[in-house]
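# Survey of secondary and tertiary structure
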Amino acid sequence: MDNLFNRKYIVQGLFIVVSLILLGTLFYIQVFSDKYFLSAESNVLRKLYTFPARGVILDRNEKILVQNEPVYDLMVIPNDVKEFDTLALCGIIGIDTIKFKKNFKKALNQSRYQPSIFEKQLSVSIYQSLSEKLYRFPGFFVQSRTIRQYPDSIAGHFLGYIKEVSPTDIERSEGYYRPGDYIGKTGVEKAYETALRGERGVVNMLYDAHNVPKGSYAEGKFDTSAVSGEQLISSLDVRIQKLGEELLKNKVGSIVAIEPATGEILAFVSSPGYDPNLMVGRQQGNNYMDLLKNPNRVLNIRPIQGYYSPGSSFKPLDALIGLQEGVIDENTTFNCPGYFRVGNHTTKCEHVDGNIALRRGLARSCNTYACYVFQKLLMQRKFKNQRIAYDYWQKKVKLWGLGDTLGIDLPGERKGRLYDASYYSKKYSKSWGYSTVISLAIGQGEMDATPLQMANIMAAIANKGYYIKPHLVKSIGKDHVIRKEYLKRNYVGVDAAHFGPVIDGMQEAVNSPWGTALASRIDGIIMCGKTGTVQNPRGKNHSVFIGFAPRDNPKIAIAVIVENAGYGGTYAAPIASYITEKYLKDSIPPNRRGGVEWMKKQVILPALPKPKVKTKAALIDSAKKADSLKKSINAIEPKKVIDKKND
Amino acid sequence: MTNQQSNRFFFNVDWITILIYIALCAVGYVNIYASVHNTADSSVFNFSSNYGKQLIYVIAGLVLGFSILLLDAKFFSVFSPIVYGVTVLLLIIVLVVGRNVGGNQAWISLGGGFRLQPSEFAKFGTALLLARYISSFSPKFRDLKSIAFAGLIMGIPLVLIMLQPDAGSALVFLAFMFPMYREGLSGYFLLIFLGMIVLFVADFLVPLKVLIPTILIIGGFFVYQNKRKQKVMFSAILVTIIAIAYLFVVKLAYEKVLKPHQRTRIELILGLKIDPKGVGYNVIQSKIAIGSGQLTGRGFLQGTQTKYGYVPAQSTDFIFSTIGEEWGFVGCFVVIGLFLFLLLRLINLAERQRSTFSRVYGYCVASILFFHVFINIGMAIGIVPVIGIPLPFISYGGSSLWSFTILLFIFLKLDSNRMGFI
């Protein structure tokens, strides 16, 4: 019996061991691991969001460019939906039953218990008729949010648009965005997304196992209310933006105007443009596709994506670098027989100017003068060879913001084109010199600049030696925050003293009888400028004008490009003058209004769409467009084509 | 019985056990209150609610328990065959007229909303008869006949309950192997039983091509060790062969005999299947609730999982999840500590009995409680398949509370009478 009595300990030992196993497991799931605690939180906690109004965008004079308009999303909680009159609902919100089924399935896939958007952006009138009958549709409710509205329908490229977030956006934001949120896709909306979007409000609610709300979590300690997005004061001036868009109507081109002292962009016209209101609302997708298919590549942001040879507008840089390097002074004279010839290469000049110095050379836009300066620059004795001299020159030019992005706060800016010596050495296997690249002297050849870069050069000349990084926004929020980088001066490596004669030459170009840009003269304002007629190997020449005004204490630097419009003096120069006059005087005198109206009516659209402006979007779509282009060729027959005139 | 005698009896009753009993009932009441609590109606005496009813059950249970203390101790031994017979009869009746609740035909309706679960009462019926058999015949379980007879006593209710079908309650009857072991049943039976469980689990987790060589190596080792003792060597060879055969039988039985939902439950426990919304929902939600209690718990009535009904069957089979969530590891420690203390005390009490009947019965009580506690808490924390048996004294329900009360108080009565003769 004794040894059987010992079995008591075995039984008791087993009880103890099993209890320890239970306690060990409990210790693991309760104390050691927080996995279960977190699951419990996600079981009961639902975050309900309230949407902030997106920040309003104003122009520099605080006139509204973008505002918000209430719309109503029809939401659904699939689990709460009971039988109802499907047709009645479809009728009210204007969809068919196929769409209804599709929407419902989508909502169901997202979540059975959580609300998801059933149909978005119902207008106020639909909302009104719906709200009366909403009780008949259990499981459906309306959530208000705001969409963008553009009172003047201008500056679409500049402002950009917002769109529902894509899965990639959500992924990239590391969970900030949730399906159904809106995000800036281009323009200011994208660049200033974080300031504009505001902060979502959140209400933490507790839900029971049957998904019935049971009150707020921790007495609302962690709840926040929505904070509206920051108000942006953009650099744009509605008056000249609007005028610019009207002037470039039915033409392809760009206008960029910059306030030289601040780098603020006053006008940013990309033509053909589009009404930004098209990128809002339920038709956004369809409208976008239409714009994408437009043969004139409406969605290209030409001021920062269009590539143009700077042409004659490059010549002030030749002179300035020449002066700075000391290879010329303001009185250095060259003889122009109507061409500049080196070896068997001839650069033609359209005038026979005879002996010509700096001021007149710029005013007359003399190619020969520019070529001589370039030759002198590249043949300086201090350099071992011309290739090294070229690299030195190229670096000097790059200081002006050419050949690289300026870093404007707008997505999609392109670099332009300006090669260094190694490119040519590779191309010509080292046997090259100034004569090989002589076209660069007159802003042609292997050099491309965006309209923004051209306008920026003018801003730097107006400032006599520096520019501020061009930007779209004057200040952010109620405290008028300005980014530090927009206070920094970027020097272009030419002393202020050298600017006098060059500016004289540009003043003469506009204001003297022998100038090439007489069409840009403004009464009472001394405008300094330079025309360009940019050779276009694919069609008619582009008309270019760059300049600034007034001469003393300049307020506006401007670049105007009108594609296929021929001579710079005919289109680009007057357009620039109207805009400058409007900006400086706030009105255009009656005697010039006829010209403005005439300009607005001109139609200069390319007879054959050619890939002059290559943007990513254009390249991708070019194949798709091919078909639709053929069909539309007849439709866009140009009504008037201006004959080419030469400088 | 004179007053004096009665006083002596009450003095002999083990009040410590009664205090633990009352403490566990209180834990049950508090946690049932928390499980079904809603802020709109928090009256403690709402008798239409589960906690209100539980309060009645507890009070009635105490009355029942103390009534048992007043009975003559000889009664239990003498009437044990009749009690056993009645409970078996009830188990047969329930199969015929029983009400089907949750897939099991386990309830007899008594009218007035009260229902009886005969399987609960079969436990002490069987315990009494087993104690009577062992005390009367002193079998040492060395022969097959006595093992078979004892096996029959626990086998009849086991099979009848299995037919309901209520595998969980039926399994509890295996607890009677402990008193048999105490009375002389070879420890090998328990080891074989344990081995069967280990092999069963291994059968699912380890592929046969690994498992069979492993068994052969272990078997071979024993054969080699005992090569001088022919008899032992022979047994080792036999056990190895049976073990391998067993593996195949289990596989076969698993696929042919078990129902799909039973298979799923087993697979979930073994971690072969992840199914958060299906069959495993109970266990996952229960683990989440318990785990969210962390060290000290969320506090009384603060458990979100408990309050918002995430754990099914929360006041009955999964009551432990409420304890875990609201009282944390500390609370679980206290409850398991109380149970362990009770179990160890019951064994000690059993060992101090002079009569074999009382000792065997005491072992039966401890073993049954042990099975319930281990399986119930084990399933709440996901280490035992969900077989739906209540946590003694704590889970909501009159039948289970009363049957455990009767089970325990009969032993307390026997214990208080230990100096006398039965």
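What counts, and where the lines are drawn
- Residues numbered from 1 in each chain as written.
- Chains lettered and ligands numbered in written order.
- Predicted model: local features only at pLDDT ≥ 70, side-chain atom pairs only at ≥ 80, totals over all residues.
- Helix = DSSP H or I, 4+ residues; strand = E, 2+ residues; numbered from the N terminus.
- Buried ≥ 20, exposed ≤ 12 C-beta atoms within 10 Å, placed from the backbone.
- Contact = placed C-beta atoms within 7 Å.
- Nonpolar A, V, L, I, M, F, W, Y, C, P; charged D, E, K, R; others polar.
- Axes fitted to C-alpha atoms, helices over the stretch in contact; angles between N-to-C directions.
- Parallel < 35°, antiparallel > 145°, perpendicular 65-115°, else oblique.
- Left-handed = near helix turned anticlockwise from the far one by under 90°.
- Pairing = 2+ DSSP bridges.
- pLDDT = per-residue confidence, 0-100.
- Core = buried A, V, L, I, M, F, W, Y, C linked by C-beta atoms within 7 Å.
- Domains from an automatic or database assignment.

When helices and strands are counted, chain A shows 23 helices and 24 strands. Counting every position in chain A, which comprises 647 residues, the buried fraction comes to 41%. Taking the intrachain contacts of chain A between residues at least 6 apart in sequence as the baseline, contacts between residues at least 24 apart amount to 73%.

So, on to the overall build of chain B. Helices and strands together make up the secondary structure of chain B, namely 17 helices and 3 strands. For chain B, the residues scored as buried account for 44% of the 422 residues in total. Long-range pairs, those at least 24 residues apart, make up 69% of the contacts in chain B between residues at least 6 apart in sequence.

Let's shift gears to the interface of chain A and chain B. Listed by partner, the interface residues are 32 residues for chain A and 35 residues for chain B. Elements with a minimum of two residues in the side of chain A that touches chain B: helix 1 (2–5), helix 2 (7–32), helix 3 (35–44) and strand 8 (201–207) of chain A. The element best represented in the side of chain A that touches chain B is helix 2 of chain A, accounting for 16 residues. Grouping the constituent residues of the side of chain A that touches chain B by class yields 19 nonpolar, 8 polar and 5 charged.

On to the packing of helix 5 (residues 118–137) of chain B against helix 17 (residues 398–416) of chain B. Helix-helix packing: each pair is described by the crossing angle between the helix axes and the interaxial distance. All names here are of chain B. Where helix 5 contacts helix 17, the two axes come as close as 8 Å, and the packing angle between them is 15 degrees. One way to sum up the angle between helix 5 and helix 17 is to call them roughly parallel. Considering how the two elements wind past one another, helix 5 and helix 17 form a crossing that is right-handed. Side by side, helix 5 and helix 17 meet where Glu120, Phe121, Lys123, Phe124 and Ala127 of the first sit next to Ser399, Ser400, Ser403, Ile406, Leu407 and Ile410 of the second. Taken together, the residues that form the contact of helix 5 with helix 17 break down as 6 nonpolar, 3 polar and 2 charged.

Attention now goes to the sheet that holds strand 8 of chain A. Residue and element names in this part refer to chain A. With respect to topology, 3 strands assemble into an open sheet ordered 1-8-9, the strand pairing being antiparallel. In this open sheet, the two edge strands, each paired with only one partner strand, are strand 1 (45–50) and strand 9 (213–216). Strand-to-strand twist across the sheet, computed as the mean angle between neighbouring axes with direction ignored, equals 40 degrees. The pairing of strand 1 with strand 8 spans 6 bridges and is classified as antiparallel. When the sheet's bridge partners are listed, Thr50 is paired in strand 8 with Gly201.

Bringing the confidence of the model for chain A into the picture now. Residues and elements named next belong to chain A. Across chain A, the average pLDDT comes to 78, with 91% of residues at or above 70. Ranking the elements of chain A by mean pLDDT puts helix 23 (residues 616–632) last, at 44, and helix 2 first, at 91. This model gives residues 610–647 a pLDDT under 50, and the stretch forms 60 contacts once residues within four places in sequence are excluded.

Time to look at the nonpolar core. Soluble globular proteins: nonpolar side chains tend toward being buried together. Ranked by size, the top nonpolar core spans 126 residues in total, and within it Ala257, Ala455, Met458, Ile558 and Ile579 of chain A carry the most contacts. The dominant element in this core, judged by the number of residues it contributes, is helix 19 (residues 451–462) of chain A, at 9 residues. For this core, the domains that each give at least three residues are domain 1 (46–234) and domain 2 (267–271 + 302–605) of chain A. Setting aside anything within four residues of it in sequence, one finds Ala455 of chain A in contact with Val256, Ala257, Ile258, Ile546, Ala557, Ile558 and Ala559 of chain A. Membership of the second largest hydrophobic core comes to 110 residues, among which are Tyr21, Val58, Leu349 and Ala350 of chain B.

Now for the sheet that holds strand 24 (residues 556–562) of chain A. Residues and elements named next belong to chain A. An order of 12-11-24-23-22 is seen for the 5 strands of this open sheet, with the pairing classed as antiparallel. Each of the sheet's edge strands pairs with one partner strand only, and the pair in question is strand 12 (264–271) and strand 22 (528–534). Across the sheet, the mean angle separating the axes of adjacent strands is 5 degrees when strand polarity is ignored. Strands in contact with helix 21 (residues 572–585) are strand 11 (253–259), strand 12, strand 22, strand 23 (542–549) and strand 24; relative to strand 24, the strand with the most contacts, it is inclined by about 145 degrees.

Okay, the confidence of the model for chain B next. Residues and elements named next belong to chain B. Per-residue confidence for chain B gives a mean pLDDT of 82; residues scoring 70 or more make up 86%. Here helix 1 (residues 3–12) stands out as the element of chain B with the lowest mean pLDDT, 60, in contrast to helix 15 (residues 319–351), whose mean of 94 is the highest. In the predicted complex, the global pTM is 0.59; the interface-specific ipTM is 0.87.

Glancing now at the pairing of strand 24 of chain A. All names here are of chain A. Among the 7 residues in strand 24, 7 count as buried, and that is most of the element. Residues Ile556, Ile558, Val560 and Val562 point to one face of strand 24 and Ala557, Ala559 and Ile561 to the other, with burial holding for every one of them. With 6 bridges connecting them, strand 11 and strand 24 associate as antiparallel partners. The residue bridging Ala257 from the neighbouring strand is Ile558, located in strand 24. Of the strand pairs in this sheet, strand 23 and strand 24 are connected by 7 bridges, and their pairing is antiparallel.

Residue and element names in this part refer to chain B. It is the contact of helix 5 with helix 16 (residues 356–380), at a shortest axis distance of 8 Å, that shows an interaxial angle of 145 degrees. The handedness of the crossing between helix 5 and helix 16 is right-handed. Residues Lys123, Ala127, Leu128, Leu130, Ala131, Arg132, Ile134 and Ser135 of helix 5 form the contact with helix 16, whose participating residues are Thr356, Phe357, Val360, Tyr361, Cys364, Val365 and Ile368. In terms of residue class, the contact of helix 5 with helix 16 is made up of 11 nonpolar, 2 polar and 2 charged.

Moving on, we get to unusual backbone geometry. Residues and elements named next belong to chain A. Following Ser271, the chain continues into Pro272 via a peptide bond in cis, with omega recorded as -5 degrees. Within the element layout of this structure, Pro272 appears in the loop between strand 12 and helix 12 (284–293). The phi torsion at Asn553 lies on the positive side, around 55 degrees, for a residue other than glycine. Secondary-structure assignment places Asn553 in the loop between strand 23 and strand 24. Here Asn553 falls in the exposed class, since 8 other C-beta atoms lie within 10 Å of it.

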